[in-house]
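Residue-level structural notes
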Amino acid sequence: LCPCPFSHKEQNLAPNKEAIAMASGEHLWTGPACCNNELLRKQIRARSILRHLHAGDVYLSPGDPIHYVAYVAEGVTSHYMFGSNGREKVLYRLGRGWFFSEGIFLNTGDNVELATRYAIAECDTLLYLMDYNNFMALLQNITFAQAVLCSTVEKSTILRHEVESVTFDSTLDRLKRLLQSCVNPGAVEDGKWCNLSVDWTHQDIAAIIGVNRVTVSRFIAELKQDGFLRQINGRIQIHKEYLISLE
């Protein structure tokens, strides 16, 4: 689950990159600390080609050949698939410091791995792309190898928790925990209502928890009646009484 983020104080100075990321919610998707080491980033950059994506750009679609291991240098990528019924399911969002497609070169045959899901930029995003030779050369560096392993294990953990949640938790509980995990306790209105660090539509939320938009709208209406949340100009706010521990 995402950590509860805190907002930065407004200043008269131009915001730095960290402030911009905080305001946009990008910090929610930042990768493990060991994958964001500045020396490591420089080493990856030296053996990569750069790919700049704008918000909404599709990097991979199902069936596309994958020729590169990707490292998210800046921005956020969303990785999701569609079911046979057309329902969208977000598997995870990967921000600064995550690797993806890191398993493509484990295939010892001549076949090129094909994408099985979509990878789309949620905002302006910079990817460092490593081909086979450069990726294998970087793996000789123990720090890089550990970072790749850490990224892979962490993503597996995210998916394991998601399977557990889908299996054992009600849709309403999953919705509440998702909203709680994205609350910004430092942005309080009227003394008791906390904004989220993300600006999601009901469709966005439906894609994350794996239900349809109508179901999300119905549960949000119930949570309004229960006093758990309110909506102001379309933005969801959570009552501070419900800012409980997510452990």
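All figures in this text were calculated on a predicted structure; none of them were measured in a lab.

This next bit is on the overall build of the protein. Each helix and strand in the protein was counted, giving seven helices and 12 strands. When burial is assessed residue by residue, the protein has 40% of its 247 residues classed as buried. A fraction of 75% describes how many contacts in the protein between residues 6 or more apart in sequence connect residues 24 or more apart. Counting only carbon and sulfur atoms, one obtains 53% of the accessible surface of the protein, whose full area is about 13,600 Å².

The subject of this paragraph is the side chain of serine 101. Mapping serine 101 onto the fold places it in the loop between strand E6 (99-100) and strand E7 (118-121). Leaving out residues up to four positions away in the same chain, serine 101 has contacts with Leu60, Ile66, Tyr68 and Val69.

What follows covers the packing of aromatic side chains. Ring pairs (aromatic) are described by centroid distance and by the angle formed between their planes. By the definition in use, this model includes 12 aromatic pairs. Their ring planes at 90° and their centres at 5.7 Å tell us that phenylalanine 82 and tyrosine 118 sit as a pair that is edge-to-face. Taken together, the positions of phenylalanine 82 in strand E4 (residues 77-82) and tyrosine 118 in strand E7 put the pair 36 residues apart, joining distant regions of the chain. Between phenylalanine 135 and phenylalanine 144, the ring centres sit 5.7 Å apart and the planes meet at 75°, which makes this aromatic pair edge-to-face. One exposure class covers both phenylalanine 135 and phenylalanine 144, and it is buried. Counting every residue linked through ring pairs, the aromatic cluster contains Tyr71, Phe99, Phe105, Tyr128, Tyr132, Phe135 and Phe144. A cation sits over an aromatic face here: arginine 93 above tryptophan 29, 5.7 Å from the ring centre.

What follows is about the sheet that holds E7. Pairing between the strands of a sheet is mediated by backbone hydrogen bonds and can be parallel or antiparallel. Overall, antiparallel pairing links the four strands, which are arranged E2-E7-E4-E5 in an open sheet. Whereas interior strands pair on both sides, the edge strands pair on one side only; in this sheet they are strand E2 (58-60) and strand E5 (88-94). On average, each strand axis in the sheet is inclined to that of its neighbour by 30°, with strand direction left out of account. Pairing geometry for E4 and E5, over six bridges, is antiparallel. Looking across to E5, one finds that tyrosine 80 is bridged to valine 90.

Before going further, it helps to examine helix H7 (residues 213-225). Between its terminal C-alpha atoms H7 stretches 19 Å, which fits the 18 Å expected from 13 residues at 1.5 Å a residue. Residues of H7 that are buried make contact with helix H5 (171-181), helix H6 (202-209), strand E11 (229-232) and strand E12 (235-239). For H7, the capping residue at the N-terminal end is asparagine 212, with a side-chain oxygen 3.2 Å from the backbone nitrogen of valine 214. Looking one or two residues past H7, glycine 227 carries a phi angle of roughly 85°, positive in sign.

Cut-off values and rules
Residues numbered from 1 in each chain as written. Predicted model: local features only at pLDDT ≥ 70, side-chain atom pairs only at ≥ 80, totals over all residues. Heavy atoms only, no water. Helix = DSSP H or I, 4+ residues; strand = E, 2+ residues; numbered from the N terminus. Buried < 20%, exposed > 50% of the residue type's maximum accessible area, 1.4 Å probe, protein only. Contact = heavy atoms within 4.5 Å. Areas by Shrake-Rupley, 256 points an atom, 1.4 Å probe, with all protein chains shown as cover. Phe/Tyr/Trp six-rings, centres within 6.5 Å; stacked < 30°, edge-to-face > 60°. Lys NZ or Arg CZ within 6 Å of the ring centre and 35° of its normal. Pairing = 2+ DSSP bridges. Axes fitted to C-alpha atoms, helices over the stretch in contact; angles between N-to-C directions. Expected span 1.5 Å × (residues − 1). Polar contact = N/O pair within 3.5 Å; in protein donor to acceptor, adjacent residues only side chain to side chain.

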